[in-house]
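Residue-level listing of the chains:
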Amino acid sequence: MAIETNLQIVRTRIAQACASAERSTDAVQLLAVSKTFPPEAVAQAAACGQRDFGENYIQEGVEKIASLAHLPLVWHCIGPVQSNKTRLVAAHFDWVHSVDRLKIAQRLSEQRPATLAPLNVCIQVNIDAGAGKAGVTPDEALALAHAIAVLPHLRLRGLMTIPEPAADFDTALAVHRQAKALFDRLCASGLALDTLSMGMSADLEAAVHAGSTLVRVGSAIFGGRSAAV
Ligand SMILES: *Cc1c(COP(=O)(O)O)cnc(C)c1O
C-alpha cells in the first residue's frame, strides 16, 4: 500500500487510541521509523506532512540525513550507540532515544557541536527485564537520569522502552503502565521530562492508553522489512 495511505491509517489509529483513552490527539507524536528504507520513501512521507524520522543504524541514518538535508526534518537515533559512533550521532541527529550508559551520554555531550541546539536524549529502559535486551533496569534509571540532566550539551527529555511483544492488549497495557509509572517517578523526583517513547506498529494502542507521548512506527508506514531488524 502507498505510504500516504499507510500514514493516514496510522494517524487514525493514534487518534482513536487517544479518544478512547480520553487524551488529546496532539498529546502523542508520531515518529516514522525509516530504517532499511531508501531516502525516496522518507521524502514521500515528508510530502504527506511527516516531520520526525527514526533510524537504528547510525551509518545508514547519517547517509539518509545528508541526502535529505534540503528537507526540514527531525532525525531520531533509536538504535544502539557504541562509543565509536557517538561523534557521528552528536553531529547529525536531533534526538537519541537509546542512551543506557553515562559514558555514552558524556561523550555525546562533549561531542555535540556548539553551533547546534542541545541533543535531545531519552534513557532506554529494559522495562520487562527481557534477557539480552538493551536498556537500564528500572532501578538504575533514576540515578542515570539525574547524572545526564546536568550534562551541558544534552537535554534529557524522558524514557524509551521496547517491551516484548504481548499476546493480548491487557498484557501489553500492564507492561506499558510500568514504564509510565517509572516516568512519573522520575518527574516527581524533580526532572522536567516530557517524552515517554513507547509503542510500535503492533502495540501503539496499548502504549497510548498507558500514557506514551511518542510512538515509533515503522512497518505500518513503510511496509515489511526484508531483514529481521
Ligand atoms: C524497528 C523499530 C521500531 C519500529 O518497529 P515496527 O514494528 O516496524 O513499527 C520502533 N522502535 C525501535 C527501537 C525499532 O528498532
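Predicted model, so just to flag it, every value in this text is computed and none were measured. Each residue is numbered by its place in its chain's sequence as written, counting from 1. Local features in this predicted model are restricted to residues of pLDDT 70 or higher, and side-chain atom pairs are both shown and tallied only at a pLDDT of 80 or more, whereas totals for entire chains, interfaces and linings draw on every residue. Hydrogens and water molecules were not included; the side-chain quantities draw on all heavy atoms of the structure.

Draft legend 1. Molecular detail of the overall build of the chain. Only DSSP runs of H or I with at least four residues qualify as helices, and only runs of E with at least two residues qualify as strands; both kinds are numbered from the N terminus onward. A count of helices and strands for the chain gives 9 helices and 8 strands. Atoms considered for the radius of gyration are the C-alpha atoms alone. The globule rule reads 2.2 Å times the number of residues to the power 0.38. Relative to a compact globule of 229 residues, whose C-alpha radius of gyration would be 17 Å, the chain shows 17 Å and is just as compact. Seen along its three principal axes, the alpha-carbon backbone of the chain occupies a region of about 45 × 40 × 30 Å. Counting all 229 residues of the chain, 49% fall into the buried class. With residues, only the protein chains shown are counted as cover, and all accessible areas are computed by Shrake-Rupley using a 1.4 Å probe. About 10,400 Å² of surface is accessible on the chain, with carbon and sulfur atoms providing 55% of the total. Here the term buried applies to any residue with accessible area under 20% of the maximum for its type, exposed to any over 50%, and partly exposed to those in between, with areas from a 1.4 Å probe on protein chains only.

Draft legend 2. Expanded view of the environment of V125. Inspection of the secondary structure puts V125 in strand β5 (residues 119-125). The exposure class assigned to V125 is buried, which follows from its relative accessible area of 3%. Residues V125 and T161, 36 residues apart in the sequence, show an inter-C-alpha distance of 5.3 Å.

Draft legend 3. Representation of the packing of aromatic side chains in the model. Classification of ring pairs rests on two measures: the distance between centres of Phe, Tyr or Trp rings, Trp counted by its six-membered ring, which must be within 6.5 Å, and the angle between planes, read as stacked under 30 degrees, edge-to-face over 60 and tilted in between. Enumeration according to the criterion identifies 2 aromatic pairs in this entry. Ring centres 5.4 Å apart and planes at 25° place the aromatic pair F37 and F222 in the stacked group. Here F37 is found in the loop between β1 (29-33) and α2 (39-47), whereas its partner F222 is found in helix α9 (residues 219-222), with 185 residues between them in sequence. We note that F37, like F222, is buried. Between F53 and W75, the ring centres sit 5.8 Å apart and the planes meet at 35°, which makes this aromatic pair tilted. Here W75 lies in strand β3 (residues 74-77) and F53 lies in strand β2 (residues 52-55), a separation of 22 residues in the sequence.

Draft legend 4. View of the nonpolar core. Buried Ala, Val, Leu, Ile, Met, Phe, Trp, Tyr and Cys residues that are joined via side-chain atoms within 4.5 Å together make up what is termed a nonpolar core. If you look at the biggest cluster of nonpolar residues, it comprises 63 residues, and the most contacted ones within it are F53, L108, I123, I148, I221 and F222. Note on contacts: a residue pair qualifies if any of its non-hydrogen atoms lie within 4.5 Å across the two residues. Discounting chain neighbours no more than four positions away, the residues touching L108 are T86, V89, A90, V96, V99, L119 and L154.

Draft legend 5. Seen up close, the pattern of salt bridges. Any carboxyl oxygen of Asp or Glu within 4 Å of a side-chain nitrogen of Lys or Arg constitutes a salt bridge here. Evaluation of the coordinates by the stated rule reveals 9 salt bridges. Put simply, D52 and R51 hold a salt bridge, and the shortest N to O gap is 3.0 Å. One salt bridge in this structure joins K64 and E55, with 2.8 Å as the shortest N-O distance. You'll find K64 and E55 in the same group, each marked buried. By sharing partners, the salt bridges in this structure join E55, E60 and K64 into a single network.

Draft legend 6. Representation of unusual backbone geometry. Residue E22 is not a glycine yet carries a positive backbone phi of 55°. Summarising the element assignment, E22 is placed in the loop between α1 (3-20) and β1. Its identity as a non-glycine residue notwithstanding, T36 has a phi of 75°, on the positive side.

Draft legend 7. Examining the environment of L144 more closely. Structurally, L144 is set in helix α6 (residues 138-149). Note on L144: relative accessible area 10%, which makes it buried. A C-alpha to C-alpha distance of 9.7 Å links L144 and V99, two positions 45 residues apart in sequence.

Draft legend 8. Broad picture of helix α3 (residues 58-67). Within α3, the full set of buried residues consists of I58, G61, V62, K64 and I65. Around the axis of α3, the buried residues are gathered within 165° of arc, so they sit on the same side. Seen from the open side of α3, the exposed residues pointing more than 90 degrees away from its buried face are E63 and A66. Those residues of α3 that are buried are in contact with α2, β2, β3 and α4 (86-92). As used here, the arc is the angular range of directions from the helix axis to the C-beta atoms.

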